[in-house]
Amino acid sequence: MSRMKIKQVLFAILGAVLIIIICKDQYINHQFDLVKLWLNAPKEKFIWTPTKLHSVQTEMMLHFASQARRHLVRFAQNINTLSLQNYVNSTLSDVSALLEVNENMFRSLEEKFSSTQIELKLQDVVHMSLSSAMIGNDRLPINTDSQRELVQSYREKGYYYFAEFVLKRCEGLKELSAKHFGIMQPLQHVCKKLHKLQTEIAKEMLEEQIRQQMCNEWNKQMSRELQSVVQHDLNQYQESPQCNSTRILTCLHELRTGFGSFIHRTHTCLVAALLSQRVLVIDAKNPSFIPNDFESYSNLKHRQQWPCSISNSKVIENELTKHAKGDGIPNPMEIPSHLANKLISFNKQPSAWWIGFMAEYMLGNDTLSRIVQDARQTMPFSSPVVGVHVRRTDKIGTEAKFHALEEYMNHVADWYSAYEAVNGRVERKVYLAADSVKVLDEAEQKYPEFVFLFNKTITQYSTDEKTRTSTKMALYGIVQDTVLLSRCDYLVCTMSSNVCRLAYELMHVHHGDAFNRVVSLDVDWFYSSIIYTAMMSHSYPVYREISFKVGDVIILDTDKQSQVQEKGFIIGKNRRTGQVGLVPKYKIVEVNVQRQYPHQ
């Protein structure tokens, strides 16, 4: 080949390479333009897509339902007592109905539910509305988008409680069979098998949840973005003192409460202040009703330090028997509508995130950061770590049952076993928060394979209910325990406790979503004014349960919920029938009530 031809070939190759480079640059620029266009375009509603966790959860619960039906059908063949037959038939009806719900069924479920008229009344949601536009309107609209969100939420959480429902029915059957010795033994065998199966399923699901949580950065980022939005809104009204008393809202605490209860009751006031664009001022008939030195841990303003008159301000009274009363009490669980779409996209319990954010604002970011930093300097507080909150001195026997330390530690051991199955062996650290030094000593003696993190000096102050919030050291201890529990990877506690619920709510804000990061030994998480709607009918209720249809509004009975502790159930009122009783949680879904705030 001549030199001329070689040059021609080389020039041709170079030309082709140049064309490819130019085209590639144009293609890349075009892709960047598409990305920019997508980023700047108005976002559509978040659409749920199944993840591996949802698929695994659905598959396991359907397997559990199949095995439950097989065992119960065999057991039913030996029953000749009418009451037992009715109880078993009712359970089999519910189990069989669940087996019909597969991915294809979800589409028909969505169609059926979307055509159902949900009569959500205004009085279900608020005592007195601050928005004059809603006065006289007795019905809150549940539109098509909201109904889709409910179906999405049900897909993610509905099966979560099914096994607890079946095991509860097993316990009920054993109570009814106590005098029928011929069937007690086979029944105990059935219940034992189902309980073992539920334990195996829970273990597999826990491992899958831990795998999912390892890719949690997006949830955290979304949570931080929403925090900055609401923080800006709150700062507009809470940071600059205004001496116009008509623009002040006074939160009056009439009775002494614990730290967790104080935060939860003040949350209602802070939401009302944000809605009415007022400065919130904390007041008390007796200064001791407010935790001593609380201003050191709070962004909130107190009357003792407030330079202006509050004589003409709006007042919300926080009583022990009634959550709040006064002019303009909003539902503290109403999510700002401009946050709802994004919040629902990454969080399975948006109302808990909302309460957690407001609590974090009350405590102050500086306080939270200082507490976590101090803990890391004085103890090996780092991930992985499980938080345990043990309640001993107050309300045992009235609001809460006694739970042995073994019950807590069984769940801790299960979590670490699942975590190590995914990540390999680790040091098993437990942050132990308790109101009794005896619990700390018992933990170290009985469980030497765990490393327990605690401050025994602070715990000693917490033992005496009278000094629990009256000394700086005791108050610091409660705040520290609550914050550090919320920073753990997993939490074991009793949701009948305000501190446990508050730690869980703060955990949502920190992790972005904490729905699968907690186990409660008594009741599930609750708050005032939670409203549910039924996704499946409950036509054959048994003892203490109530019936309902698809689309019925179920209102949580907050007072009874903490007293009647039944896992997998709530104590609710069917607004259509007026019945009050046990409601299986796997058949209902929480309605995330939204509210348009003035600054939107």
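See the structure shown above.
Residues numbered from 1 in each chain as written. Predicted model: local features only at pLDDT ≥ 70, side-chain atom pairs only at ≥ 80, totals over all residues. Heavy atoms only, no water.

A. Representation of the overall build of the chain in the model. On a plain count of helices and strands, the chain comes out with 19 helices and 17 strands. Expressed as a percentage of the 600 residues in the chain, the buried residues total 55%. Taking the contacts inside the chain whose residues are at least 6 apart along the sequence as the reference set, 74% of them involve residues at least 24 apart. (Helix = DSSP H or I, 4+ residues; strand = E, 2+ residues; numbered from the N terminus. Buried < 20%, exposed > 50% of the residue type's maximum accessible area, 1.4 Å probe, protein only. Contact = heavy atoms within 4.5 Å.)

B. Structural view of a positive patch on the surface. On the surface, Arg 70, Arg 74, Lys 192, Lys 193 and Lys 196 cluster together to form a positively charged patch. Looking at the positive patch, the elements with two or more residues in it are α2 (52-76) and α8 (181-213). The element contributing the most residues to the positive patch is α8, with three residues. Its place among the elements puts Lys 192 in helix α8. A residue is classified by how much of its surface remains accessible, and Lys 192, at 65% relative accessible area, is exposed. (Patch = residues over 30% accessible without salt bridge, like charges linked within 9 Å, V, L, I, M, F, W, Y side chains within 5 Å. Areas by Shrake-Rupley, 256 points an atom, 1.4 Å probe, with all protein chains shown as cover. Salt bridge = Lys/Arg side-chain N within 4 Å of Asp/Glu carboxyl O. Lys, Arg positive; Asp, Glu negative; His and termini not counted. Charge placed at Lys NZ, Arg CZ, Asp CG, Glu CD.)

C. Examining the nonpolar core more closely. Within the largest apolar cluster, 129 residues are counted, with the highest numbers of intra-cluster contacts made by Phe 162, Leu 280, Trp 354, Phe 381, Tyr 431, Tyr 504 and Trp 525. What Trp 525 contacts, discounting residues up to four positions off in sequence, is Met 333, Gln 349, Ser 351, Ala 352, Ile 355, Met 495, Arg 501, Tyr 504, Glu 505 and Ile 530. (Core = buried A, V, L, I, M, F, W, Y, C linked by side-chain atoms within 4.5 Å.)

D. The arrangement of the pattern of salt bridges in detail. A full pass over the atoms with the stated rule returns 16 salt bridges. In this structure, Arg 211 and Glu 207 form a salt bridge, with 3.9 Å as the shortest nitrogen-oxygen distance. Separated by four residues within a single helix, Arg 211 and Glu 207 lie in helix α8, roughly one turn from each other. The partner of Glu 420 in a salt bridge is Arg 425, and the shortest N-O contact between them spans 3.7 Å. Owing to a relative accessible area of 76%, Arg 425 belongs among the exposed residues under this scheme. Residues joined in a network through salt bridges with shared partners are Asp 94, Arg 169, Glu 545 and Lys 587.

E. Examining the packing of aromatic side chains more closely. Under the criterion given, the structure shown has 15 aromatic pairs. With a centroid separation of 5.9 Å and an interplanar angle of 45°, the aromatic rings of Phe 165 and Phe 569 are classed as tilted. Of this pair, Phe 165 sits in helix α7 (residues 162-176) while Phe 569 is found in strand β14 (residues 569-574), placing the two residues 404 residues apart along the sequence. The exposure classification of Phe 165 matches that of Phe 569, with both residues buried. The interplanar angle of 55° and the centroid separation of 6.3 Å between the aromatic rings of Tyr 416 and Phe 450 together place this pair among those described as tilted. Residue Tyr 416 is found in helix α14 (residues 405-423), and its partner Phe 450 is found in the loop between α15 (437-446) and β9 (451-453); the two are separated by 34 residues along the sequence. There is no split in this pair, since Tyr 416 and Phe 450 are both buried. Among the aromatic residues, ring-to-ring pairing joins Trp 415, Tyr 416, Tyr 419, Tyr 447, Phe 450, Phe 452 and Tyr 490 into one connected group. Stacked on the ring of Phe 526, the Lys or Arg Arg 501 has its end atom at 4.2 Å from the ring centre. (Phe/Tyr/Trp six-rings, centres within 6.5 Å; stacked < 30°, edge-to-face > 60°. Lys NZ or Arg CZ within 6 Å of the ring centre and 35° of its normal.)

F. Molecular detail of the side chain of Ser 177. Tracing the sequence through the fold places Ser 177 in the loop between α7 and α8. Classification of Ser 177 by relative accessible area gives buried; the value is 0%. Separated by 2.7 Å, the side chain of Ser 177 and the backbone oxygen of Leu 173 make a polar contact. Leaving out residues up to four positions away in the same chain, Ser 177 has contacts with Leu 84, Ile 183, Met 184 and Leu 187. (Polar contact = N/O pair within 3.5 Å; in protein donor to acceptor, adjacent residues only side chain to side chain.)

G. Just the state of the cysteines, in detail. Counted according to the given criterion, the structure contains two disulfides. Covalent S-S linkage joins Cys 251 and Cys 269, the inter-sulfur distance amounting to 2.2 Å. As the torsion about the S-S bond is roughly 60°, the Cys 251-Cys 269 disulfide counts as right-handed. Residue Cys 251 is found in strand β1 (residues 248-253), and its partner Cys 269 is found in helix α10 (residues 259-276); the two are separated by 18 residues along the sequence. (Disulfide = S-S within 2.5 Å.)

H. Summary view of the sheet that holds strand β15 (residues 580-584). With antiparallel pairing, the five strands of this open sheet are ordered in space as β15-β14-β13-β12-β16. Each of the sheet's edge strands pairs with one partner strand only, and the pair in question is β15 and β16 (588-590). Across the sheet, the mean angle from the axis of one strand to that of its neighbour is 45°, orientation sign disregarded. (Pairing = 2+ DSSP bridges. Axes fitted to C-alpha atoms, helices over the stretch in contact; angles between N-to-C directions.)

I. Expanded view of helix α17 (residues 472-486). The end-to-end C-alpha separation of α17 is 21 Å, in line with the 21 Å expected for 15 residues at 1.5 Å each. Counted residue by residue, α17 has 13 buried out of 15 residues, so it is predominantly covered. (Expected span 1.5 Å × (residues − 1).)

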